[in-house]
Every structure is written in C-alpha cells, then in structure tokens.
Amino acid sequence: MRLAVIPGDGIGPEVVAEGLKVLGEVAHDVETTHYDLGAARWQRTGELLPDTVLDELRQHDAILLGAIGDPSVPAGILERGLLLKLRFELDHHVNLRPAKLYDGVTSPLANPGPIDMLCIREGTEGPYTGNGGVLRRDTPHEVATEVSINTAFGAERVVRYAFERAVARPRKHLTLVHKTNVLTFAGSLWSRTVEEVATEFPEVTVAYQHVDAASMFFVTDPGRYDVIVTDNLFGDIVTDIAAAVTGGIGLAASGNLDASGTNPSMFEPVHGSAPDIAGQGKADPTATVLSVGLLLDHLGRTEQARKVNAAVAFDLSTRDAAQPIRTSDVGDRLAALASG
Ligand code: IPM
Ligand code: MN
C-alpha cells in the first residue's frame, strides 16, 4: 500500500502518528510518504498545494490527513487552497461520515437508543465550488452571491453510491435530506435523482426530510436513520450534529472518496486542528484510527478494517471516563488490541 500522509496543523501530527501506529499493526506492507502541507508551509513559503505535490499524491493508493487550520492564517485560505482543493482536484464526490454510538460512549442525549447511521455527503458541488462573487464591496450596497452548483451527473453518482451502501446494510433504508420546499430547482433535481435510482434498488426503502426537520430528528430520534444522502453544505452541518450525538468529534471519522477509483481517496478525522490543545498529547486519536478503518475498508482490506474497528469498539467499551485521554496511550492500546 502506497500511503500519502498529510499530518497538517495543530493536533494533526499527533493523531496521525497514532493512526499509523495502529495501521502498521494490521497491514504490514504500508509504504508511507509524508507531505508537509498546511499553515506552517504557507507561512514559510506561501505555498498551499503545489501542482507537483498534487501529481505525487495521485501516485498513491490512499491519503491519510490529520487536520488543517491555524489561527494565524486568515479564514478561507487553507480551506479553499488546500483542503477543498484536494477534495475537488481528486474528485472526492462522496464524503462518507459514519455516526455510530459505541457501547460505553456517553451521548449528550438522555435516551439516545441505538444510533448507527451512515451519512453520505456530496463532496464536490453545492455552494462549496466558489461560484460566487461580490459587487460594490465595502459599500452599504454590497452584494455577495454564493451559488450552489448541482449537476445531474454529480447528484446521480453520489445517490447511486448511497443506494449501494444502503442495500448492503441490514435495514436497507435511505433518507434524502434537502430543502425541496425552498430550494426548488436543486431540490427537484435531487428528488428526481433519488426516485430514478431507487427503481434499481427495490429492496431499499426511501424517505425524505427537509434539513431543518432532519436536524431536529438527529437529536430527538436519531435511531430512525440508516443511510442518509445529502448535498455538500447540508451534509457538513448535519454530520456535526450526528457526531455530537454519538460522542463528539473526537470519535467522528470520514472518508473523501473518488468512488470511481480513478484518484486516491483521502481519510481524515472530522475534527479540526484544535490549536488550543496542540502539542499537549491529550487529543483523542480515535477519530483518526476509525478513519484508518474506513481507508482499509475502501481498499478492500475487509479483515484488516474489522480488526481496527473491533479494537476501537473494545477500547471504548472499557474506557475509564475519569481518566484523561493521553494520545499515545490510546494509540498504544488500540495498536495492541488490533494486532491481537
Ligand atoms: C469539514 C470541515 C470543512 C468543510 C471545512 C474546514 C472546509 O468543516 O470537513 O466538515 O466544510 O467541509
Ligand atoms: Mn464541517
């Protein structure tokens, strides 16, 4: 396995080190190349994602990314110039974000019940494309637009992926989340796409919810969900809610997939660089380790993925909530469990 590693900023390098530790226990053929990208490189050289680096990244089987972002960099520069550029250039049209409430994990909900959902967020379209502009800037008549791009091609491929995942799960249930009552143009495209693809998956039951109602049900009745498919921005928002109700972003994993297999997919914890706790060895690496599980699964290494996920499940079910997290201790424990 040729693995590109982008540790990034803040706690990124700390959690990535633990992810690699666990990966090394289950996969013995990993060749890693580390790439120095993120705030420090930008401060030093002004570079975000040089084309030469992008070309090299393409030569790998997968990418593991820690976190990008630093308070010293103005908002938007690293996001658009690095993280979103990676997702767009590598055509990561499926942003896969499972949210499962593991045994032993405390949910902020009083009666969460079982939660096991797979959120599938579109990754290359919506309002994220940078299709907007500003007129009369810094005047009282400033006008700013941020146009949401939705293509038939883009909706179809992510909806199809969502159905494929849904049909392989026990409940075989898929919910489209959108805002079709207001965003009637894009909403109609998404609804029709789901209706059309659904005819190929008669075993899958389909539901629809507006994003505002879904946000409420994520909190009041998350157990109703199985697979969710939604656009880029709605998916960004609801997956933070999904993470919150299943134990927080310390546990939330994600995969940015080019489901066609043309480009390497990229796996990253949903959390950010957490500069407030960086360098203190107290970030929970579990989200990164679970992202490694998604990586293995994506590469068809089902048994290796199972070992990683089982290690996390066991660790979470036996954790002493009174003990503060030590990043490397969690990594050591997970590595030992995964190797056994
Ligand atoms: C995420 C993040 C990113 C997003 C930001 C940092 C660009 O919030 O991965 O969810 O909006 O996709
Ligand atoms: Mn987000």
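Residues numbered from 1 in each chain as written. Chains lettered and ligands numbered in written order. Predicted model: local features only at pLDDT ≥ 70, side-chain atom pairs only at ≥ 80, totals over all residues.

(A) Fine view of the sheet that holds strand S10 (residues 227-230). If you trace the 10 strands from one edge of the open sheet to the other, you get S2-S1-S3-S12-S11-S4-S5-S10-S8-S9, paired in mixed fashion. The strands lining the two open edges of the sheet, one partner per strand, are strand S2 (31-34) and strand S9 (205-210). Each neighbouring strand pair of the sheet contributes to a mean axis angle of 20°, computed without reference to strand direction. With three bridges connecting them, strand S4 (residues 94-100) and strand S11 (residues 253-257) associate as antiparallel partners. Residue pairing across strands places Asn 95 opposite Asn 256, the latter belonging to S11. In the packing of helix H5 (residues 152-167) onto the sheet, contacts are made with S4, strand S5 (116-122), strand S8 (173-178) and S10, and the angle to S5 comes to roughly 165°. Relative to S5, helix H8 (residues 232-245) is tilted by about 155°, and along the sheet it contacts S4, S5, S8 and S10. (Pairing = 2+ DSSP bridges. Helix = DSSP H or I, 4+ residues; strand = E, 2+ residues; numbered from the N terminus. Axes fitted to C-alpha atoms, helices over the stretch in contact; angles between N-to-C directions. Contact = placed C-beta atoms within 7 Å.)

(B) Looking closely at the nonpolar core. Within the largest apolar cluster, 92 residues are counted, with the highest numbers of intra-cluster contacts made by Leu 64, Ile 120, Ala 162, Val 229, Val 292 and Val 308. Taken together, domain 1 (1-93 + 259-339) and domain 2 (107-246) each give at least three residues to this core, which thus spans both. What Val 229 contacts, discounting residues up to four positions off in sequence, is Ile 120, Val 158, Val 159, Ala 162, Leu 174 and Leu 176. (Core = buried A, V, L, I, M, F, W, Y, C linked by C-beta atoms within 7 Å. Buried ≥ 20, exposed ≤ 12 C-beta atoms within 10 Å, placed from the backbone. Domains from an automatic or database assignment.)

(C) Broad picture of the domain arrangement of the protein. Taken as a whole, the protein is organised into domain 1 (1-93 + 259-339) and domain 2 (107-246). Tallying the contact residues gives nine residues for domain 1 and 11 residues for domain 2. Looking at side-chain class alone, the side of domain 1 that touches domain 2 contains four nonpolar, two polar and three charged residues. (Nonpolar A, V, L, I, M, F, W, Y, C, P; charged D, E, K, R; others polar.)

(D) Local environment of helix H10 (residues 302-318). With 17 residues, H10 should reach 24 Å at 1.5 Å per residue; the first-to-last C-alpha distance of 24 Å fits that figure. Taken together, the buried positions of H10 are Gln 304, Ala 305, Lys 307, Val 308, Asn 309, Ala 311 and Val 312. On its buried side, H10 packs onto helix H1 (12-26), helix H9 (286-298) and helix H11 (327-339). (Expected span 1.5 Å × (residues − 1).)

(E) Highlighting the site of ligand 1. Residues in close proximity to ligand 1 include Glu 79, Leu 83, Leu 84, Asp 236 and Val 270, which together make up its full environment. It is helix H4 (residues 77-89) that contributes the most residues to the shell around ligand 1, three residues altogether. In terms of residue class, the shell around ligand 1 is built from three nonpolar, no polar and two charged. (Near = placed C-beta within 6 Å.)

(F) Highlighting the packing of H10 against H11. Between H10 and H11, the shortest axis-to-axis distance is 8 Å and the interhelical angle comes to 125°. With respect to their mutual orientation, H10 and H11 come out oblique. Relative to H11, H10 is oriented so that their crossing is right-handed. In this structure, H10 uses Lys 307, Val 308, Ala 311, Val 312, Phe 314 and Asp 315 to contact H11, whose residues at the interface are Arg 333, Leu 334, Leu 337 and Ala 338. For the contact of H10 with H11, the residue count by class is seven nonpolar, no polar and three charged. (Parallel < 35°, antiparallel > 145°, perpendicular 65-115°, else oblique. Left-handed = near helix turned anticlockwise from the far one by under 90°.)

(G) Structural view of the packing of H1 against H9. Contact pair H1 / H9: the axes reach a minimum separation of 8 Å and the direction vectors enclose 45°. Here H1 is positioned oblique relative to H9, judged by the angle of their axes. Where H1 crosses over H9, the two elements pack in a sense that is right-handed. On H9, the residues that touch Val 15, Val 16, Glu 18, Gly 19, Val 22 and Leu 23 of H1 are Thr 288, Val 289, Ser 291 and Val 292.

(H) Just the environment of Thr 220, in detail. Examined against the element boundaries, Thr 220 turns out to sit in helix H7 (residues 211-220). What makes Thr 220 exposed here is the crowd of 11 C-beta atoms within 10 Å.

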